[in-house]
Amino acid sequence: MAQDIKPELEKIGAAYTDCVAKHDGACVASLYSKDGIQVNVVGEVKTDLKATYEGYFKDGEDKIAVKINYAQPLGNDMALAAGDVDVTFNVEPKLRPLFWSAVYIKEGGQWKIRMLTAAVKPPPPPNEANADKK
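Report follows, based on the coordinates.

### Topic: the sheet that holds strand β1 (residues 32-39)
Turning to step 1, where the next piece is worked out: Read across the sheet, six strands follow the order β2-β1-β6-β5-β4-β3 without closing on themselves; strand pairing throughout is mixed. Edge positions in the open sheet fall to β2 (45-46) and β3 (61-73), since each of these has one partner strand only.
Turning to step 2, where the next piece is worked out: In terms of strand pairing, β1 meets β2 through two bridges, oriented antiparallel. Of the residues in β2, the one forming a bridge with Q38 is K46.
Turning to step 3, where the next piece is worked out: Against the sheet, helix α3 (residues 49-58) makes contact with β1, β2, β3 and β6 (110-120), and its axis sits at roughly 45° relative to β1, the strand it touches most.

In C-alpha cells, the structure reads:
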C-alpha cells in the first residue's frame, strides 16, 4: 500500500511545481483541502493560501524542485509524506534548500494537502564537512 501512495502524491508535487513555475497562487491553493494550512519556515500558520503564495512570488520565489523521500498511507483517506525541496528565488540567496512534510487527505475523491510544513535544511555538522575534504 505504501508503494501505491507515492506515485499519487508525486502527482501533487508535480502540479505544485507547475503552479509555482506559473507564479499562480490560486493554482497552488487549489492543491490544498478546503481547510488546508501551511506552516512556513518561521513557524507561521497560513490559512489564506492564495494570498500567501502571491506574497511568496512577490518576494521573489521563482521555481521549486520537489523530491518525495518518504510516503506512507494512514488509512484509505489519509497519507503522510516528507522530502526535500529546492526553492529558487530571483533575489539573493537564489537557492534555498528546505525539507518538508505533509499530511494529505482525500477530498471529493482527490488527494489534497491538509497541512504542509517546511523548514530550512541545517548545514552539515562540522565533522561531516571535514570528511568531504579528505
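Having put the structure on the table, let's press on.
### Overview of unusual backbone geometry
Turning to step 1, where the next piece is worked out: The step from E92 to P93 runs through a cis peptide bond, and the omega angle for that step is -15°.
Turning to step 2, where the next piece is worked out: Tracing the backbone shows P93 in the loop between β4 (78-89) and β5 (95-107).
Turning to step 3, where the next piece is worked out: A positive phi angle is found at H23, which is not glycine, with a value near 55°.

Definitions and limits used
Residues numbered from 1 in each chain as written. Predicted model: local features only at pLDDT ≥ 70, side-chain atom pairs only at ≥ 80, totals over all residues. Heavy atoms only, no water. Pairing = 2+ DSSP bridges. Helix = DSSP H or I, 4+ residues; strand = E, 2+ residues; numbered from the N terminus. Contact = heavy atoms within 4.5 Å. Axes fitted to C-alpha atoms, helices over the stretch in contact; angles between N-to-C directions.

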